[in-house]
Amino acid sequence: MEKDREIDKLLKKYTVEVPDFPMKKSKMEKLANWLCEKASFPIPEERITFKGMVCIQVIPIVVSLAVSVWMIL
Amino acid sequence: MNLTDEKLMEKFQNGDTEALNELYERYRAPLFRFIYRCTRDDQLSMDVVQDAFLKLQQKKHYFSPEKGRLKTYLFQIAYHTMISKINMRARWHRLLPFLYKEPVNISRSDEKMEVERMLQSLSNEQRAVIVLFYYHDLSQKDIARILNIPLGTVKSRLHQAVQKMRKEWGIESDGKGS
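Residues numbered from 1 in each chain as written. Chains lettered and ligands numbered in written order. Predicted model: local features only at pLDDT ≥ 70, side-chain atom pairs only at ≥ 80, totals over all residues. Heavy atoms only, no water.

**Considerations on the overall build of chain B**
If you tally the helices and strands in chain B, you get eight helices and zero strands. The order of α-helices and β-strands along chain B, N terminus first, is α-α-α-α-α-α-α-α. Nonlocal contacts in chain B, meaning residues at least 24 apart in sequence, comprise 60% of its contacts between residues at least 6 apart. (Helix = DSSP H or I, 4+ residues; strand = E, 2+ residues; numbered from the N terminus. Contact = heavy atoms within 4.5 Å.)

Right under this line is the structure:
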């Protein structure tokens, strides 16, 4: 299959400049990648909803606040 | 060093790290351009290229010239690395939508932006095929191997993408070349 000449001509206008970067990542970049890597999670991903995720994060804060208020009172 | 890619890879497999550096200098730019044209993300593109060469080092003995060209092998590693990172990013984005922002076009000419917009209007699958065929002069057979799809699917995606672009750009069909 040959290239479509007109499409080829138009596509060639989209040039991309390549920055200078080394082959090896710095230790900081490796650490960042490791932190962002997906870890195994006990709950199947399909079961986690946005609301569920918010609850997991918010409930400990609410409980802590409630306990603090109760202790003050 | 004016050795072929396969010769350089053989030297690297035998422990010559200079050969790896030479391969990096040859393929750093083409791989970056491939990933960038698919994703429009500088940082992700650099990340993918670096990870691709890391994988090449880790799996250097998996490559054999009988299986195909080194260029095809490298693009295959880069493509699959890109897909993994995009999928991972999409998962995080579903959970924490504020984490990632769409890449922003920075000071490009109108013509470039037009072509960029045109490429982005294609499906991910069509875009990959177009970029590999038109920008990297890979054969359809090589593209099929890189993307791990049948040859017929490559032809079909190429044809559909070209037809779409011709229509969007108002180019009259003359039946040539596609």
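Once you've had a look at it, read on.
**Quick look at a nonpolar patch on the surface**
Residues and elements named next belong to chain A. Together, Ile59, Val63, Val67, Trp70 and Met71 make up a nonpolar patch on the protein surface, roughly 570 Å² of accessible area in all. Inspection of the secondary structure assignment puts Ile59 in helix α3 (residues 50-72). A relative accessible area of 48% means that Ile59 is categorised as partly exposed. (Patch = residues over 30% accessible without salt bridge, like charges linked within 9 Å, V, L, I, M, F, W, Y side chains within 5 Å. Areas by Shrake-Rupley, 256 points an atom, 1.4 Å probe, with all protein chains shown as cover. Salt bridge = Lys/Arg side-chain N within 4 Å of Asp/Glu carboxyl O. Buried < 20%, exposed > 50% of the residue type's maximum accessible area, 1.4 Å probe, protein only.)

**Topic: the packing of aromatic side chains**
Inspection of every chain in the model, using the stated rule, returns eight aromatic pairs over all chains. Here the aromatic rings of Phe21(A) and Phe32(B) are separated by 5.9 Å at their centres, their planes lie at 45°, and the arrangement is tilted. Here Phe21(A) is found in the loop between α1 (5-11) and α2 (27-36), whereas its partner Phe32(B) is found in helix α2 (residues 17-39) on a different chain. Comparing Phe21(A) with Phe32(B), the two get one shared label, buried. (Phe/Tyr/Trp six-rings, centres within 6.5 Å; stacked < 30°, edge-to-face > 60°.)

**Structural notes on the side chain of Thr39(B)**
Here Thr39(B) lies in helix α2. Of note is the side chain of Thr39(B), whose polar atom sits 2.8 Å from the backbone oxygen of Ile35(B). (Polar contact = N/O pair within 3.5 Å; in protein donor to acceptor, adjacent residues only side chain to side chain.)

**Side note on the environment of Arg91(B)**
With respect to the element layout, Arg91(B) can be found in helix α4 (residues 70-95). In sequence terms Arg91(B) and Tyr73(B) are 18 residues apart; their C-alpha atoms lie 27 Å from each other.

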